[in-house]
Amino acid sequence: MGQPLLEVSHLQTTFFDGKQALNAVDDVSFTIHEGETVGLVGESGCGKSVTSLSIMRLLSSGGKIMNGSIHFNGQNLLALSEKEMRNIRGNEIAMVFQEPMTSLNPVYKIGKQIDEAIIYHNKVTKKEARQRTIETLKNVGIPRAEEIVREYPFQLSGGMRQRVMIAMAMVCKPKLLIADEPTTALDVTIQAQILDLMRELNKKNGTAILLITHDLGVVAEMCERVIVMYCGKVVEETDVQSLFAHPHHPYTQGLLASTPKLGEHAERLGSIKGNVPSLNHLPKGCRFAPRCPKAMAICREQVPALEALDDGGLCRCFLYQAKKAR
Ligand SMILES: Nc1ncnc2c1ncn2[C@@H]1O[C@H](COP(=O)(O)OP(=O)(O)OP(=O)(O)O)[C@@H](O)[C@H]1O
Ligand code: SF4
Ligand SMILES: [Mg+2]
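Residues numbered from 1 in each chain as written. Chains lettered and ligands numbered in written order. Predicted model: local features only at pLDDT ≥ 70, side-chain atom pairs only at ≥ 80, totals over all residues. Heavy atoms only, no water.

Chemist: Any details on helix α6 (residues 158-172)? Residues and values, ideally.
Modeler: Between the first and last C-alpha of α6 there are 21 Å, a value that for 15 residues agrees with the 21 Å anticipated at 1.5 Å per step. Burial of α6 is extensive: 13 of the 15 residues sit out of reach of the surface. Remark: Lys 173 follows α6 within two positions and exhibits a positive phi of approximately 45°. (Helix = DSSP H or I, 4+ residues; strand = E, 2+ residues; numbered from the N terminus. Expected span 1.5 Å × (residues − 1). Buried < 20%, exposed > 50% of the residue type's maximum accessible area, 1.4 Å probe, protein only.)

Chemist: Residue-level account of the sheet that holds strand β6 (residues 93-97), with values.
Modeler: Spatial strand order, β6-β7-β8-β3-β9-β10-β12-β11: 8 strands in an open sheet with mixed pairing. Every interior strand has two partners, whereas the edge strands, β6 and β11 (307-308), have only one. Strands β3 (37-41), β6, β7 (176-180), β8 (208-212) and β9 (225-230) of the sheet are contacted by helix α1 (residues 48-56), whose axis makes an angle of about 145° with β7. Strand contacts of helix α7 (residues 188-205): β3, β7 and β8, with the helix running at about 155° to β8, the strand carrying the most contacts. (Pairing = 2+ DSSP bridges. Contact = heavy atoms within 4.5 Å. Axes fitted to C-alpha atoms, helices over the stretch in contact; angles between N-to-C directions.)

Chemist: Any details on the environment of Glu 7? Residues and values, ideally.
Modeler: Turning to its location among the elements, Glu 7 is positioned in strand β1 (residues 6-17). Sequence-distant contacts of Glu 7, that is, excluding residues within four places in its chain, are made with Phe 30, Thr 31, Ser 69, Ile 70 and His 71.

Chemist: How would you explain the packing of helix α3 (residues 110-121) against helix α4 (residues 126-139) if you had to name every residue and give the values?
Modeler: For the pair α3 and α4, interaxial distance at closest approach is 9 Å and the crossing angle is 115°. Taken together, the axes of α3 and α4 lie roughly perpendicular to each other. Considering how the two elements wind past one another, α3 and α4 form a crossing that is right-handed. On α4, the residues touching Ile 110, Gly 111, Lys 112, Ile 114, Asp 115, Ile 118 and Ile 119 of α3 are Lys 126, Ala 129, Arg 130, Arg 132, Thr 133 and Leu 137. A class-by-class count of the residues in the contact of α3 with α4 yields 6 nonpolar, 2 polar and 5 charged. (Parallel < 35°, antiparallel > 145°, perpendicular 65-115°, else oblique. Left-handed = near helix turned anticlockwise from the far one by under 90°. Nonpolar A, V, L, I, M, F, W, Y, C, P; charged D, E, K, R; others polar.)

Chemist: Report on the environment of Lys 48, specifying residues and quantitative values.
Modeler: Position of Lys 48 among the secondary structure elements: in helix α1. Distance from Lys 48 to Val 25, taken between C-alpha atoms, is 8.3 Å for residues 23 residues apart in sequence. Not counting chain neighbours up to four residues away, the residues in contact with Lys 48 comprise Leu 40, Val 41, Gly 42, Glu 43, Glu 181, Ile 212, Thr 213, His 214 and Met 229.

Chemist: Could you give an account of α4, with specific residues and numbers?
Modeler: Taking 1.5 Å of rise per residue, the 14 residues of α4 would be expected to cover 20 Å, and the 20 Å separating its terminal C-alpha atoms lies within 8% of that figure. Turning to α4, its buried residues are Ala 129, Thr 133, Ile 134, Thr 136 and Leu 137. In a view along the axis of α4, the buried residues occupy a sector of 165°, so they form one face of it. For α4, the exposed residues set more than 90 degrees away from the buried face come down to Lys 127, Gln 131, Glu 135 and Asn 139. Backbone geometry just after α4 places Gly 141 at a positive phi near 80°. (Arc of directions from axis to C-beta.)

Chemist: With reference to specific residues and values, describe the sheet that holds β1.
Modeler: With respect to topology, 4 strands assemble into an open sheet ordered β2-β1-β4-β5, the strand pairing being antiparallel. At either margin of the open sheet sits one strand with a lone partner, and together these are β2 (20-32) and β5 (75-76). Where β1 and strand β4 (residues 63-72) come together, 8 bridges link them in antiparallel fashion. For Thr 14, the partnering residue across the bridge sits in β4 and is Lys 64. Contacts between α1 and the sheet are confined to β1, β2 and β4, with β1 contributing the most and set at about 110° to the helix.

Chemist: Describe the layout of surface pockets, listing the residues and the values that go with them.
Modeler: Taken as a whole, the largest pocket spans an internal volume of roughly 570 Å³. As for the largest pocket, its lining consists of 19 residues, of which Arg 89, Gly 90, Asn 91, Ala 117 and Met 168 are closest to the centre. For the lining of the largest pocket, the secondary structure elements donating two or more residues are α2 (82-88), β6, α3 and α6. By residue class, the composition of the lining of the largest pocket is 10 nonpolar, 6 polar and 3 charged. (1 Å grid on protein atoms, 1.4 Å probe; cavity = no way out; pocket = protein on both sides within 12 Å on 5 of 7 lines; lining within 4 Å. Points joined across faces, edges and corners; volume = space filled by probe spheres on them.)

Chemist: Describe the site of ligand 2, with residues and values.
Modeler: Near ligand 2 there are 13 residues, and of these Cys 286, Cys 292, Cys 299, Cys 317 and Phe 318 occur at the shortest range. Class assignment of the residues belonging to the shell around ligand 2 gives a composition of 11 nonpolar, 1 polar and 1 charged. (Near = heavy atom within 4 Å.)

Chemist: How would you summarise the packing of aromatic side chains if you had to cite specific residues and measurements?
Modeler: Applying the stated criterion across every chain yields a total of 4 aromatic pairs. Measuring from ring centre to ring centre gives 4.5 Å for Tyr 230 and Tyr 251, while their planes differ by 50°; the resulting arrangement is tilted. Taken together, the positions of Tyr 230 in strand β9 and Tyr 251 in helix α10 (residues 250-257) put the pair 21 residues apart, joining distant regions of the chain. Comparing Tyr 230 with Tyr 251 shows no difference in burial state: the two are buried. (Phe/Tyr/Trp six-rings, centres within 6.5 Å; stacked < 30°, edge-to-face > 60°.)

Right, here's the structure in full:
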């Protein structure tokens, strides 16, 4: 494979809370190639959103990228001016968030927002842009598109707003779409439709997708490769078939055990005991040790490294490092 489209390297993002520095993203590295769909999974608070906000350089105040680099299409995003970065956002990297109100401009009508994106990318008149806006909205399954263009984001339902965000992404033909829990707030039917639209965006325009989700079912359907995060660190990275066939990391195994399979009752599922530790109370050795059914003495003392496995995946666990050393 050639040069990756996105290369996140040793990213460290820290929140400063009084005197405390909390590393929400701690030495995270991964790549996404052109047209690839990569899943980013992990329980709540593992650093998935902070990773995506770091890539977009949209961290809230108090959050700072302290280390590492983020290269997109050969450019170091961390070295760009805010103006250059604004050009990349929405145009080259599109975003769909769980709550699309945060990415739509609340004071402009829907039509105007999409018209402007079309005019930015194409030599067209305002009238032609509006026609295309209406066509695109119809394409993403928005009924009454002619009326919706004159409405404000708050007048639409969550599912409709999500479709508008995808319509925007279709218009701009970005190289990368970052979708952070794009369907979590939606009911199952709408969820399937939004996933179909993302797949279409990927197939038609070759848009690569970083899909952040809690839902391993969605990962199975959409992704080629998966990155599993725990407490700010990548603990496993693998192709999607291997993830489901033979997950390596005990955390990944736990996540899979708590995912219902078709026809299975949720109450029969196992779940990972305990909670994700808070960033200011991280355990000394492996961060998963207090919850890990396979923890050994070394796990409570030393931090395992992310190492390559024979099947091409990566795993951060002493179980495999011990095997290799033997
Ligand atoms: N603005 C902030 N100030 C301080 N800490 C923050 C801030 N935003 C995130 N964090 C902390 O960073 C860690 C990672 O948060 P993040 O939002 O990335 O989790 P997540 O994996 O996206 O979780 P979820 O699945 O709930 O969306 C958490 O411990 C969170 O408390
Ligand atoms: S390093 Fe030890 S505690 Fe951590 S996941 Fe592996 S076996 Fe469990
Ligand atoms: Mg999140």
